[in-house]
Amino acid sequence: TVTTIVPQFKIQPTPVTVLYTATLWCPPCEQAGTLIILWEKVGDGVSRGGKTGELPHDTTVSVLAEEWSVPEERAYYRVTAKGQTGWVPDTFIQE
C-alpha cells in the first residue's frame, strides 16, 4: 500500500483597499421605500450595466474606488457593504 500525503494550502484572498467610509444618501429613495441600486462597471464609463445589488438609504459603505465619467461629467464610487459591491453616482454618497 502506498500512501501519498498532499499538503493543503489555504489561498489567501486578495486584500481590498478601502479609501474611506461614507454613507449612501438618497432621501427620495427612503421616502419612496426603494433601495439604492448598485451597478456593475461597463465600457469606458461606470454607470448602469447590470445590477449587482441594492442597499437602503443611510447604509454605511466602504468606498473602494472613485472614477470620473467624461461622457456624463460626474463621479462614480465603487462601494461595498453587507456582502454587496457595485458602483453608485456621486449624488448617492455623503462623506
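This write-up is about the structure you can find in this document. (Residues numbered from 1 in each chain as written. Predicted model: local features only at pLDDT ≥ 70, side-chain atom pairs only at ≥ 80, totals over all residues. Heavy atoms only, no water.)

### Quick look at unusual backbone geometry
Right, on to step 1. Even without being glycine, D58 reaches a positive phi, approximately 75 degrees.
Right, on to step 2. Note on placement: D58 falls in the loop between β3 (51-55) and β4 (60-69).
Right, on to step 3. At E73, a residue that is not glycine, the phi angle is positive and equals roughly 55 degrees.
Right, on to step 4. With respect to the helices, strands and loops of the structure, E73 is situated in the loop between β4 and β5 (74-81). (Helix = DSSP H or I, 4+ residues; strand = E, 2+ residues; numbered from the N terminus.)

### A few points about the side chain of T59
Right, on to step 1. In this structure, T59 sits in the loop between β3 and β4.
Right, on to step 2. Among the residues examined, T59 registers a relative accessible area of 6% and is labelled buried.
Right, on to step 3. Those residues in contact with T59 that lie beyond four places of it in its chain are A22, T23, L24, A81 and K82. (Buried < 20%, exposed > 50% of the residue type's maximum accessible area, 1.4 Å probe, protein only. Contact = heavy atoms within 4.5 Å.)

### What to know about the nonpolar core
Right, on to step 1. Residues L24, V61, Y77, V79, V88 and I93 are the most contacted members of the largest nonpolar core, which totals 15 residues.
Right, on to step 2. Elements supplying a minimum of two residues to this core: β1 (20-24), β2 (36-39), β4 and β5.
Right, on to step 3. Top contributing element to this core by residue count: β5, with four residues.
Right, on to step 4. Excluding residues that lie within four positions of it along the chain, V79 makes contacts with L38, V61, S62, V63, Q84, T85, G86, V88 and I93. (Core = buried A, V, L, I, M, F, W, Y, C linked by side-chain atoms within 4.5 Å.)

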